[in-house]
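These are the residues of each chain, in order.
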Amino acid sequence: MIYKRSSALFAEAQKVIPGGVNSPVRAFKAVGGEPIFVEKAKGAYLYDADGNALIDYINSWGPMILGHAYEPVVDAIVEKAKLGTSFGMPTQIETQIAELAISMVPNIEMIRFVNSGTEACMSAVRLARGYTNKDKIIKFAGCYHGHSDSFLIQAGSGAVTFGSPNSPGVTQGTAKDTLLARYNDLAHVEEIIAQNPHQIACIIIEPVAGNMGCISPAPGFLEGLRALCDAHQILLIFDEVMTGFRLAPGGVQELKNVQADIVTFGKVIGGGLPVGAFAANTDIMSYLAPLGPVYQAGTLSGNPLAMAAGFAMLSELNQRREIFTSLDQKTKYLHKGLSQVFTSRGVAHTINREQSMISVHFSHRPVTDFETAAEAASNGMFNTFFHGMLDQGIYIAPSAYETWFLTDALTYKDLDQTINAADHAAKLLT
Ligand SMILES: *Cc1c(COP(=O)(O)O)cnc(C)c1O
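Residues numbered from 1 in each chain as written. Predicted model: local features only at pLDDT ≥ 70, side-chain atom pairs only at ≥ 80, totals over all residues. Heavy atoms only, no water.

Scanning the chain for helices and strands turns up 14 helices and 16 strands. A compact globule built from 430 residues should have a C-alpha radius of gyration of about 22 Å, and the chain, at 21 Å, falls within 12% of that. Taking the principal axes of its C-alpha atoms as reference, the chain extends roughly 60 × 55 × 45 Å. The proportion of buried residues among the 430 residues of the chain is 55%. When contacts within the chain are restricted to residue pairs at least 6 apart in sequence, those whose partners lie at least 24 apart make up 71%. Positive and negative side-chain charges in the chain, numbering 31 and 40 respectively, have mean positions lying 4 Å apart. (Helix = DSSP H or I, 4+ residues; strand = E, 2+ residues; numbered from the N terminus. Rg over C-alpha atoms; globule rule 2.2 N^0.38 Å. Buried < 20%, exposed > 50% of the residue type's maximum accessible area, 1.4 Å probe, protein only. Contact = heavy atoms within 4.5 Å. Lys, Arg positive; Asp, Glu negative; His and termini not counted. Charge placed at Lys NZ, Arg CZ, Asp CG, Glu CD.)

Structure, rendered in C-alpha cells:
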C-alpha cells in the first residue's frame, strides 16, 4: 500500500505538534514506520488519506464497539448540536445517561461524569483517599490508569516495593504513595499491605488487563483482592475504562461476579466522544463536592454532545444484548483461525482472549503479568507481524502491549480476510 499523502501530512504535523501526534502510541514508535492519517471511517473499515481501506482492530482503542459512524450515535450528536453545544449548566440528558448506566452496572448508585478515563481514575483515587483518610495506593505493574502523576510509577529497585517515577516531572513525593504489585500475585499484595499497615486507601486494578496485551485475572485473584480489601478497610477500584460496557453490559463486575467499591469508565461510555465517569454507592459518592468535602469539577463535564453520544451508545447495547454474544463468537472465531495459522506455520504463540478483547504474543510461555508480556514482546516478532498485516490492509494496534478490540460491524468475511492475512504475515516470522 502507498502512504504518500499520510507521510506528507505527518511531516507537516511534526512541525507544530510534538511527534506529530496528540497521544504517543499513535506515532508508531514501538513498531517503526510512520503513522497513517485517517480521512474517515464506516463500520469495520478505516479510509486513510491515500484512499486505502483498512479493517480496523483498534476502533479508537475500544469505544467504537458498534463500528465507526454508527448511525444512531451520529444522529444523536447532530440533533443535540443544533440545540447548543455547551452551557456549563445542568441538562436532562446527564440524568438520563446516569440512570441508564446505573441500571446496567451492578453495585453502583451514583455516577459522576468527567472528560477522560485519566480524569475518572485520578478522581476515583482522590475520592478513595478522602473517604478512607489514608494516603497510599496499590497499583499493578502493566496496568494503565491514564497519565495522572500517581499512576506514572515503575517498580523500585531490588526488594523495595515503593514505586519510582517513570516520567520526568513526576515527583518522588508522589511516587512514594504508589505501591506496585505483580498482576495475578495475591501473596505479593498481601505482603505490601502487611508492610504498610493502616496506610492504604485503595487498590486500583484493570480487572481484565488490556494495556499489557489482554490478561485475564487468574481464578480467585479478584475474589482474593476483595477479601483483602474487606479485611483491611481498603477500597477496591475496578478501572473499567476499557472493559466497561464491552465485556458485558455490567463490565467485569458482572462477568466475573466480583464487587468493586468504585468503578471507573471511559471509552465505550462516550460513544466516541471524550467522556469518562466514576461511580460507587451513595455512601461513598456523598463524599464528593458539592455534597461532601472531596473536590472534583469540570467546565465541560457532562457536555450535552458527549452525553447524547454516550446515551445513544449505551441504549443500543442495553436493548440489543445479543451483541455481547455475537462479539464473543466473532472473537472466538478469530482466535481459532489465528491459532491454526500460527500452528501450521510453526510460529510460537500465545493468544489471550476475554470476550471481544484479544492479544497475540509471539512466545510459547503463558502471558499472565507484565514480566511475561514484556518477555514475549522482546523478540521483535510482533513488529514484523504488525507491518505484514498492515501491508494487507489489516490495522492492528501498533504495539505488542496493546489489545485488539473487535467491533460488531465486523463480518465473518472480514474475519476470514484477517486470518488469511495473518497466514501471509506469519511466513515473515519463520
Ligand atoms: C484508556 C484507559 C485509561 C485512560 O483513559 P483516557 O481517556 O485515555 O484518559 C485508563 N484506564 C484504562 C484501563 C484505559 O484503558
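Picking up after the structure, the text goes on.
Our focus in this paragraph is the site of the ligand. Taken together, S116, G117, T118, Y144, H145, G146, E206, N211, D239, V241, M242 and K267 make up all the residues around the ligand. At 2.8 Å from an oxygen atom of the ligand is found a main-chain nitrogen or oxygen belonging to G117. Here K267 contributes a side-chain N or O atom positioned 2.6 Å from an oxygen atom of the ligand. Of the residues assigned to the shell around the ligand, the class counts are 3 nonpolar, 6 polar and 3 charged. (Near = heavy atom within 4 Å. Polar contact = N/O pair within 3.5 Å; in protein donor to acceptor, adjacent residues only side chain to side chain. Nonpolar A, V, L, I, M, F, W, Y, C, P; charged D, E, K, R; others polar.)

All right, on to helix α6 (residues 186–195) then. Within α6, the full set of buried residues consists of H188, V189, I192 and I193. Along the axis of α6, the buried positions cluster into a sector of 135°, meaning they face one direction only. Buried residues along α6 sit against β5 (136–140), β8 (178–181), β9 (200–205) and α7 (221–231). (Arc of directions from axis to C-beta.)

Now for the nonpolar core. In this structure, Y57, F140, I203, F245, L317, F342 and F385 are the most contacted members of the largest nonpolar core, which totals 108 residues. Top contributing element to this core by residue count: helix α10 (residues 304–319), with 8 residues. Formed jointly, this core draws a minimum of three residues from each of two domains, domain 1 (4–69 + 321–427) and domain 2 (71–319). Sequence-distant contacts of I203, defined by excluding residues within four places in its chain, comprise I138, F140, V189, I193, L225, C229, I234, L235, L236 and I237. V114, L127, I262 and L288 belong to the second largest nonpolar core, which has 21 residues in total. (Core = buried A, V, L, I, M, F, W, Y, C linked by side-chain atoms within 4.5 Å. Domains from an automatic or database assignment.)

Turning next to the packing of helix α11 (residues 322–345) against helix α14 (residues 412–427). Relative orientation of the contacting elements α11 and α14 amounts to 25°, with a least axis distance of 9 Å. Judged by the inter-axis angle, α11 sits roughly parallel to α14. In this structure, α11 meets α14 at a crossing whose hand is right-handed. Note on element contacts: α14 touches α11 through Y412, L415, D416, T418, I419, A422, D423, A426 and K427, opposite Q329, K330, Y333, L334, G337, L338, V341, F342 and R345. The residue makeup of the contact of α11 with α14, split by class, is 10 nonpolar, 3 polar and 5 charged. (Axes fitted to C-alpha atoms, helices over the stretch in contact; angles between N-to-C directions. Parallel < 35°, antiparallel > 145°, perpendicular 65-115°, else oblique. Left-handed = near helix turned anticlockwise from the far one by under 90°.)

Further remarks concern the sheet that holds strand β14 (residues 357–361). A sheet is described by the order of its strands in space; here 3 strands give the open sequence β13-β14-β16, paired in antiparallel fashion. Sheet topology places β13 (350–354) and β16 (404–405) at the edges, where each strand pairs with a single neighbour. Looking at chain direction, β13 and β14 are connected through 5 bridges and run antiparallel. For E354, the partnering residue across the bridge sits in β14 and is M357. Contacts from α11 reach β13, β14 and β16, with the element oriented near 175° to β13. (Pairing = 2+ DSSP bridges.)

What follows is about the environment of V16. Note that V16 resides in helix α1 (residues 4–16). Owing to a relative accessible area of 68%, V16 belongs among the exposed residues under this scheme.

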